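# Structural overview for review
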Amino acid sequence: ISGGQAVYEPHLTSRDYWSPKGWQLFRLTAGAGELLVIHTFGDPPEAIELPFVPGREVRTLKHGMDCEFADGRLRIEHPADFSAAVIVSRR
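Definitions and limits used
Residues numbered from 1 in each chain as written. Predicted model: local features only at pLDDT ≥ 70, side-chain atom pairs only at ≥ 80, totals over all residues. Heavy atoms only, no water. Helix = DSSP H or I, 4+ residues; strand = E, 2+ residues; numbered from the N terminus. Rg over C-alpha atoms; globule rule 2.2 N^0.38 Å. Pairing = 2+ DSSP bridges. Phe/Tyr/Trp six-rings, centres within 6.5 Å; stacked < 30°, edge-to-face > 60°. Buried < 20%, exposed > 50% of the residue type's maximum accessible area, 1.4 Å probe, protein only. Axes fitted to C-alpha atoms, helices over the stretch in contact; angles between N-to-C directions. Contact = heavy atoms within 4.5 Å.

Tallying secondary structure elements over the protein gives zero helices and eight strands in all. Its helices and strands in sequence order give the protein the pattern β-β-β-β-β-β-β-β, from N to C terminus. For a compact globule of 91 residues, the expected C-alpha radius of gyration is about 12 Å, and the protein comes in at 13 Å, within 12% of that figure. Seen through its C-alpha atoms, the protein measures out along the principal axes to roughly 40 × 25 × 20 Å.

As judged from the nine bridges shared by strand β1 (residues 5-14) and strand β2 (residues 21-30), these two strands associate in the antiparallel manner. Residue pairing in the sheet places H11 in a bridge with W23 of β2. If you look at the hairpin formed by β1 and β2, you'll find six residues sitting between the two strands.

For the coordinates displayed, the defined rule picks out three aromatic pairs. Ring plane angle 90° and centroid distance 4.9 Å describe the contact between Y17 and W18, whose orientation is recorded as edge-to-face. Of the two residues, Y17 and W18, both sit in the exposed class. With 6.3 Å between their ring centres and 80° between their planes, F41 and F82 make a pair best called edge-to-face. A residue pair is termed long-range when its members are at least 10 positions apart, and F41 in the loop between β3 (33-40) and β4 (47-51) and F82 in the loop between β7 (73-77) and β8 (84-90) qualify at 41 residues.

Read from one edge to the other, the open sheet built from five strands follows the order β1-β2-β3-β8-β5, with strand pairing classed as antiparallel. What marks the edges here is a single partner per strand, and that holds for β1 and β5 (57-63). On average, adjacent strands in this sheet sit at an angle of 5° to one another, irrespective of strand direction. In this structure, β5 lies alongside β8, joined through seven bridges in antiparallel fashion. Bridge pairing links K62 to A85 in β8.

Moving on to unusual backbone geometry. Even without being glycine, D43 reaches a positive phi, approximately 55°. Structurally, D43 is set in the loop between β3 and β4. According to the relative accessible area criterion, D43 is exposed, its value standing at 53%. Phi angles above zero are rare outside glycine, and H78 is one such case at about 45°.

This part takes up the side chain of S89. Along the chain, S89 falls in strand β8. Of the residues examined, S89 reaches a relative accessible area of 0% and is grouped as buried. If we skip the residues at most four places from it in the chain, S89 touches A32, G33, E34, F52, V53, P54, G55, E57 and V58.

Quick look at the structure:
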């Protein structure tokens, strides 16, 4: 995915460099594609929910997260501390 619009959404409850808490999202949309990168730090919320409509082709790489797509949403239940997911979708 090149060009397009990039959005960074920090959801941090502590910005302490040595002990960050919360999570963050980087989303890039361009043409018929979308890239999401989600990172958790210490003490993430019980669930993370984002608007996301998967395209005809979705690739997911994850560590410490289970991603579920339903009703135009991405939901991650009980993400582990310091976990991550990368989701690429093509419409």
